[in-house]
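Tertiary structure, described
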Amino acid sequence: TVRKTMISVILATDMKVHFDMVSQLQALAGKATNPEDEKSFDFVQRVLVHAADLSNPVLPTHRARDWAYRAVLEFHTQAEQEKSEGLPFAPFMEPHP
């Protein structure tokens, strides 16, 4: 399902899975994979989103700074909305960028 896929790829952005993913990817290097195999397809989706999540530091400095600012602003906006609704929020998300 779409929901299951979204949850899976979002969880793949957690750095605690980084080295396991790298090891799995290295094990696949040079091997043919079947795009019809659901397990392989799911892994490729998770790897692509994980790589995209890590890609900001390799952008040109002005672009990386712009994207980093947008991410921090999004965190701040989320914390402000959570506070206004009386919900708990992560303290690192509160300061304004």
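Overview of the structure.

Cut-offs used in this document
Residues numbered from 1 in each chain as written. Predicted model: local features only at pLDDT ≥ 70, side-chain atom pairs only at ≥ 80, totals over all residues. Heavy atoms only, no water. Axes fitted to C-alpha atoms, helices over the stretch in contact; angles between N-to-C directions. Helix = DSSP H or I, 4+ residues; strand = E, 2+ residues; numbered from the N terminus. Parallel < 35°, antiparallel > 145°, perpendicular 65-115°, else oblique. Left-handed = near helix turned anticlockwise from the far one by under 90°. Contact = heavy atoms within 4.5 Å. Nonpolar A, V, L, I, M, F, W, Y, C, P; charged D, E, K, R; others polar. Salt bridge = Lys/Arg side-chain N within 4 Å of Asp/Glu carboxyl O. Buried < 20%, exposed > 50% of the residue type's maximum accessible area, 1.4 Å probe, protein only.

Notes on the packing of helix α2 (residues 18-28) against helix α3 (residues 38-54)
As a packed pair, α2 and α3 sit with axes 11 Å apart at the nearest point and diverge in direction by 125°. Compared by their axis directions, α2 and α3 come out oblique. Note that α2 runs across α3; the crossing there is left-handed. Contacts between α2 and α3 involve H18, M21, Q24, L25 and L28 from the former and F43, R46, V47, H50 and L54 from the latter. Grouping the amino acids of the contact of α2 with α3 by side-chain chemistry returns six nonpolar, three polar and one charged.

Observations concerning the pattern of salt bridges
By the definition in use, this model includes two salt bridges. Its salt-bridge partner being K83, residue E80 comes within 3.2 Å of it at the nearest N-O pair. Here E80 and its partner K83 are both found in helix α4 (residues 61-84), three residues apart, which amounts to about one turn of the helix. Residue classification places K83 among the partly exposed residues on the basis of a relative accessible area of 32%. Here E94 ties to K83 by a salt bridge, and the two come within 2.6 Å at their closest N and O atoms. Linking E94 in the segment after α4 with K83 in helix α4, this pair joins segments that are 11 residues apart in sequence. By relative accessible area, E94 is classed as partly exposed at 29%. Overlapping salt bridges, with partners in common, bring together E80, K83 and E94 in one network.

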